[in-house]
Amino acid sequence: MEILDYLIFAIYFIVLISIGVMGMMRAKTSEQYMVADRNLGVWMLFGCLTAVFLGGSSTIGSSQLGYEIGLSGIWFVFSMGLGITLFALVFLDRIMGFKLLTISELLGRLFGTKSKLVGAVVAAIYTLLISVTQIIAIGALLSGVFDWELTTAILIGGFIVFFYTILGGMWTLTITDVFQFAIMTIGIFAIMLPQSLGAAGGFEGLKSTLPSSYFNLTEMGFREILSYLLTYTLGMMVGQDIWQRYFTAKNTKIAKSAGVLVGIYSLLYSLAMVIIGMCALVVLPGIQNTQDVFTTMAFETISTGLLGVVFAAVAAAIMSTASGTLLASSTLISKDILKDHFFTKVNDTKFLLISRITTFVLAVLAIVIALWIQELLVAIDVAYAILAGSIFIPILFGLFSKKITPNAAFSAMLLSAFTVIIGLWIEGLGASNPIIYGIVVNIITIITVSYFDKGNRRKRSDFEAGLDKS
């Protein structure tokens, strides 16, 4: 990289920090800090939703899959976008009317305090783990760009992304995510993709050089595709970071429209990334560590000035996910654990302070964990598996059936989470079966316990009753 590229990268980080200071001035209440006053339109919400789930693993991982197996690699990112779209189409009508802040708050409304607490703990751990993986990713990127030691890069990258998150909360994230969404889109679609195709001789060059299997959408196998759909589609449908973004919408119609756009964009983004990976195989067939496919291809094909924009685009993808998941974890802990059980009588001003302190503590914890691990393990897969395996079924049954009892939901979440963890321990952290085991145990438990616990069926809220009649 040349001085111009470094300058572009530096300006990008300065803009992010400045937005954080502006966000602090805007976020005066806990509602503004956590859900930006529920005032976003369709295009801003679309940008925010897209930015929060397209992180380092989806960007770098998709190009890696494109290099290794071809077009079939689109299932990784597309399954995430599909989950966000299905949430909008299946769950949103039944959720928006509750005026929620967290996913565990819904579990509390449906099944009581015990289920709310379990949901808060599981979802908070999930979002924190995702944040950790993104901090490792931004550290790896900065280390490669500036030739820093990984520890130094993690500290600097983590400080910047968490600084603006702690200050302004969701208002800051809204502005930064829209800004980062624009950078991502320009960097990938307008620069990296056409440059990569040009270096590889276009689509004709790909067809003439690569095996026919690289153009088969099901090459990875139906079992692996099913694993992606179960893990990431269901995980996104019950992810606090995704829910919290939806709660910023002005109304349900806007939220649904943004959700559909996310599904379309995720397909285009995943397609672009796997094609970049395929181009890299044509241009640079000898890459040993396939996690380096994207960065190696960028250094090889992108000219001075544009290279800085491309790496800023990758940084944008990573940092928007890191900030969103950090705030999601903080919201769960501060609202559904600290406020509910320890600070029950605080006013909103003090609660906002508690939220910022919680965000700060979690930020430090995330950086410490990232420094300890220092490599992108399968923590993200474990987090998604436990989340989807334990929470998805109770929410699905709770929203669409009045026969599910609080005891059934609580038992199902505990047993299924335990089942997923044991399955991962026995079969390995990368195994896909444990999430299936968890879902099966969840369904059996929730139906069986509800049948024998008929006397404790919950009462439907006025909002739920209105939905049932509509």
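Residues numbered from 1 in each chain as written. Predicted model: local features only at pLDDT ≥ 70, side-chain atom pairs only at ≥ 80, totals over all residues. Heavy atoms only, no water.

**Student:** For the overall build of the protein, give the residues involved together with the corresponding values.
**Tutor:** The helix and strand inventory of the protein stands at 19 helices and 0 strands. Counting over 470 residues, the protein shows a buried share of 58%. Looking at the protein alone, contacts between residues at least 24 apart form 86% of all its contacts between residues at least 6 apart. Accessible surface, the protein: about 18000 Å² in total, of which carbon and sulfur atoms supply 67%. (Helix = DSSP H or I, 4+ residues; strand = E, 2+ residues; numbered from the N terminus. Buried < 20%, exposed > 50% of the residue type's maximum accessible area, 1.4 Å probe, protein only. Contact = heavy atoms within 4.5 Å. Areas by Shrake-Rupley, 256 points an atom, 1.4 Å probe, with all protein chains shown as cover.)

**Student:** Give me the side chain of S104: which residues, what numbers.
**Tutor:** Mapped onto the elements of the fold, S104 is located in helix α6 (residues 103-111). Judged by its relative accessible area of 0%, S104 is buried. Among all residues touching S104, those that are not within four sequence positions of it are K116, G119, A120, L332 and D336.

**Student:** Just give me the short version of the environment of I154, but keep the residues and values in it.
**Tutor:** One can find I154 in helix α8 (residues 150-200). Note on I154: relative accessible area 0%, which makes it buried.

**Student:** Would you mind going over a nonpolar patch on the surface in detail, with residue names and values included?
**Tutor:** On the surface, L89, V90, V260, I264, L268 and F400 cluster together into a nonpolar patch covering about 510 Å² of accessible area. Listed by contribution, the elements that provide at least two residues to the nonpolar patch are α5 (74-95) and α12 (252-283). In terms of residue count, the dominant contributor to the nonpolar patch is α12 (3 residues). In this structure, L89 sits in helix α5. (Patch = residues over 30% accessible without salt bridge, like charges linked within 9 Å, V, L, I, M, F, W, Y side chains within 5 Å. Salt bridge = Lys/Arg side-chain N within 4 Å of Asp/Glu carboxyl O.)

**Student:** If you had to explain the environment of K114 to someone new, which residues and values would you point to?
**Tutor:** Following the sequence through the fold, K114 ends up in helix α7 (residues 113-146). Exposure remark for K114: the relative accessible area of 48% places this residue in the partly exposed category. When the C-alpha atoms of K114 and F410 are compared, they prove to be 6.8 Å apart, with 296 residues separating the residues in sequence. Residue contacts for K114: discarding those within four places in its chain leaves N407 and F410.

**Student:** Tell me about the pattern of salt bridges, residues and numbers included.
**Tutor:** Pairs can form between side chains of opposite charge whenever their charged atoms are close. In the structure shown here, the tally under the stated rule is 3 salt bridges. We note a salt bridge from D93 to K256, for which the minimum N-O separation is 2.7 Å. In this pair, D93 is assigned in helix α5 and K256 in helix α12, connecting sequence segments 163 residues apart. Residue class for D93 comes out partly exposed when judged on its relative accessible area of 39%. R109 is paired through a salt bridge with E105; the nearest N and O atoms lie 3.5 Å apart. With R109 and E105 both in helix α6, this residue pair falls 4 residues apart, about one helical turn. The class of E105 is buried, set by a relative accessible area of 9%.

**Student:** If you had to explain the nonpolar core to someone new, which residues and values would you point to?
**Tutor:** Counting 145 residues, the largest nonpolar core has F53 and I395 as its most contacted members. Once residues within four sequence positions are removed from consideration, I395 is found in contact with F91, I103, L106, L107, V238 and W243. (Core = buried A, V, L, I, M, F, W, Y, C linked by side-chain atoms within 4.5 Å.)

**Student:** Quick one: what's the story with the packing of α5 against α12, residue by residue and with numbers?
**Tutor:** Packing of α5 against α12 brings their axes to within 8 Å, and their N-to-C directions diverge by 170°. With respect to their mutual orientation, α5 and α12 come out roughly antiparallel. Of α12, the residues touching α5 (which contributes I74, V77, F78, G81, L82, I84, T85, A88, L89, L92 and D93) are T252, A255, K256, G259, V260, V262, G263, S266, L267, S270, L271 and V274. For the contact of α5 with α12, the residue count by class is 14 nonpolar, 7 polar and 2 charged. (Axes fitted to C-alpha atoms, helices over the stretch in contact; angles between N-to-C directions. Parallel < 35°, antiparallel > 145°, perpendicular 65-115°, else oblique. Nonpolar A, V, L, I, M, F, W, Y, C, P; charged D, E, K, R; others polar.)

**Student:** So, the packing of aromatic side chains: which residues are in play, and what are the values?
**Tutor:** According to the stated counting rule, one finds 17 aromatic pairs in the structure shown. Ring centres 6.0 Å apart and planes at 75° place the aromatic pair W43 and F46 in the edge-to-face group. Residue W43 and its partner F46 are located together in helix α3 (residues 42-53), separated by 3 residues, close to a single helical turn. The structure contains a cluster of three or more aromatic residues connected by ring pairs, namely W43, F46, F181, F189, Y265 and Y269. It is K114 that lies over the ring of F410; its NZ or CZ is 4.6 Å from the centre. (Phe/Tyr/Trp six-rings, centres within 6.5 Å; stacked < 30°, edge-to-face > 60°. Lys NZ or Arg CZ within 6 Å of the ring centre and 35° of its normal.)

**Student:** Break down the packing of α7 against helix α14 (residues 306-341) for me, with residues and values.
**Tutor:** Axes are the key here: two packed helices are described by the angle between their axes and the distance separating the axes. In the contact formed by α7 and α14, the axes pass within 8 Å of each other and the chain directions differ by 155°. One way to sum up the angle between α7 and α14 is to call them roughly antiparallel. In the crossing of α7 with α14, the sense of the turn from one axis to the other is left-handed. (Left-handed = near helix turned anticlockwise from the far one by under 90°.)

**Student:** I'd like to hear about the confidence of the model for the protein, residue by residue, with values.
**Tutor:** On average, residues of the protein score 80 in pLDDT, and 87% of them are at 70 or above. The least confident element of the protein, judged by mean pLDDT, is helix α19 (residues 462-469) at 49; the most confident is α12 at 91. (pLDDT = per-residue confidence, 0-100.)

**Student:** Please provide a residue-by-residue account of the side chain of T85, values included.
**Tutor:** Tracing the chain through its elements places T85 in helix α5. Judged by relative accessible area, T85 falls into the buried class, the value being 11%. Side-chain polar atoms of T85 contact the backbone nitrogen of G263, separated by 3.1 Å. Those residues in contact with T85 that sit more than four places away from it in its chain are Y246, G259, V260, V262 and G263. (Polar contact = N/O pair within 3.5 Å; in protein donor to acceptor, adjacent residues only side chain to side chain.)

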